[in-house]
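One letter stands for each residue in the lines below.
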Amino acid sequence: MPLIAGLLANRIERRRAQRTLAERLRFETLLSELSAELLTLPAGAVDHAIEQMLQRVAETLDFDRAALAERGDRPVRTTHAWTRAGVAPLPIPVAAAEDFPWLNSRIASGEVVRISRLDDLPDAAATDRQSLAARGVRALAALPLRADGAVIGVLAFSRLRGERAWPDELIARLQLLADVFANVLARRRADEAVRKSEERRRQAEEEALRQRDELAHALRVSTLGELTASIAHEISQPLSAILTNARATLRRSGHR
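Rules and cut-offs
- Residues numbered from 1 in each chain as written.
- Predicted model: local features only at pLDDT ≥ 70, side-chain atom pairs only at ≥ 80, totals over all residues.
- Heavy atoms only, no water.
- Buried < 20%, exposed > 50% of the residue type's maximum accessible area, 1.4 Å probe, protein only.
- Helix = DSSP H or I, 4+ residues; strand = E, 2+ residues; numbered from the N terminus.
- Arc of directions from axis to C-beta.
- Contact = heavy atoms within 4.5 Å.
- Expected span 1.5 Å × (residues − 1).
- Salt bridge = Lys/Arg side-chain N within 4 Å of Asp/Glu carboxyl O.
- Core = buried A, V, L, I, M, F, W, Y, C linked by side-chain atoms within 4.5 Å.
- Pairing = 2+ DSSP bridges.

## Some points on helix H4 (residues 126-134)
- When H4 is considered as a whole, its buried residues turn out to be Asp-128, Ser-131 and Leu-132. On an axial view of H4, the arc spanned by its buried residues comes to 100 degrees, and they lie on one face. Facing away from the buried side of H4 by more than 90 degrees, the exposed set consists of Gln-130 and Ala-134.
- Elements that come into contact with the buried residues of H4 comprise helix H3 (101-108), strand E4 (113-115) and strand E5 (139-147).
- Downstream of H4 by one or two residues, Gly-136 has phi in the positive range, about 80 degrees.

Below, the structure is given as structure tokens:
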């Protein structure tokens, strides 16, 4: 019996290792394909590609929800999400700062958050625990998106059908995905900054052209006024002389 039990245990362990290896290979193949696609897409097609990538990764790793939230001048808000069929979807966009203060403070500091079950959360995360429970989440992994030394967003995966462990090997794979998303978002922000800079330059050029046209018009009006005054003066001088001579002639004629 001990021998049979040992063989069964070895067989189960071998199958588990094979499943893990197969899952790793599927994920790495998927990540390679999607990374090449995302990093070459035009800016206008990025949002749809991100949502497709979230779906494919979540389905590959058997998650129930996947979400990407961005941080910037505005509060943290979810901008892309995928939800498994039969699970209530998250509204887009959704402000999350006030619902997840503990989680957001750790993400802001660049920390990866792993929640295998809600009971593991500390007392300081009471608000977060309540918010997660209200959304049906039973396990969550959240990874910061870093670019140029700053956290510009967060990538989160959750399970609603049961609790889940988050081993280092899985987190390392998810971090690779987070790095891809961070690069894509950073590139889009850079493109947006360039576009806004060009728009400001164009507006400045249009304003300078408008002011130049207004100045030229004012100069034309001023020149025309001066020319009119000059012409009136030139005309009035001989007319006055003619009138004076005519009066003088009339007076002399009257005397005769």
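Read on for the rest.
## So, helix H2 (residues 46-60)
- Given a rise of 1.5 Å per residue, 15 residues ought to cover 21 Å, and the 21 Å separating the end C-alpha atoms of H2 matches this to within 8%.
- By the burial criterion, the buried members of H2 are Val-46, Ala-49, Ile-50, Met-53, Leu-54, Val-57 and Ala-58. Down the axis of H2, the smallest arc covering the buried residues is 160 degrees, so these residues share one side.
- Count one or two residues on from H2 and you reach Asp-62, which has phi positive near 65 degrees.

## Focus: the pattern of salt bridges
- By the definition in use, this model includes 10 salt bridges.
- Between Asp-62 and Arg-84 there is a salt bridge, with the nearest N and O atoms lying 3.4 Å from each other. You can see Asp-62 sitting in the loop between H2 and strand E1 (65-70) and its partner Arg-84 sitting in the loop between strand E2 (77-83) and strand E3 (94-95), a full 22 residues away along the chain.
- Overall, Asp-62 belongs to the partly exposed group, its relative accessible area being 33%.
- For Arg-84, a relative accessible area of 21% gives the class partly exposed.
- Residues Asp-64 and Arg-161 are paired through a salt bridge, measuring 2.6 Å at the closest nitrogen-oxygen approach. Taken as a pair, Asp-64 in the loop between H2 and E1 and Arg-161 in the loop between strand E6 (150-159) and helix H5 (168-255) lie far apart in primary sequence, 97 residues in all.
- The exposure class of Arg-161 is partly exposed, given its relative accessible area of 44%.
- Salt bridges here are not isolated pairs; linked through shared partners, they connect Asp-62, Asp-64, Arg-84, Arg-159 and Arg-161.

## So, the nonpolar core
- Counting residues in hydrophobic clusters, the biggest one holds 32 residues, and the most contacted among them are Leu-145, Leu-155, Phe-157, Trp-166, Leu-174, Leu-177 and Phe-181.
- Mapped onto this core, the elements with two or more residues apiece are helix H1 (2-38), H2, E1, E5, E6 and H5.
- Of the residues forming this core, the biggest block, 10 residues, is contributed by H5.
- Not counting residues up to four positions away in its chain, the partners in contact with Leu-145 are Leu-68, Ala-150, Val-151, Ile-152, Gly-153, Val-154, Leu-155, Ala-178, Phe-181, Ala-182 and Leu-185.

## Observations regarding the pairing of E6
- In terms of burial, E6 is largely enclosed, as nine of its 10 residues are buried.
- Bridge analysis of E1 against E6 gives six bridges, and the strand direction is antiparallel. Considered in E6, the bridge of Leu-68 is made with Leu-155.
- Both E5 and E6 contribute to a ladder of nine bridges, which runs antiparallel. Residue pairing across strands places Ala-141 opposite Phe-157, the latter belonging to E6.
- Linking E5 back to E6 in an antiparallel pair, the connection comprises two residues, with Asp-148 at a positive phi of about 55 degrees.

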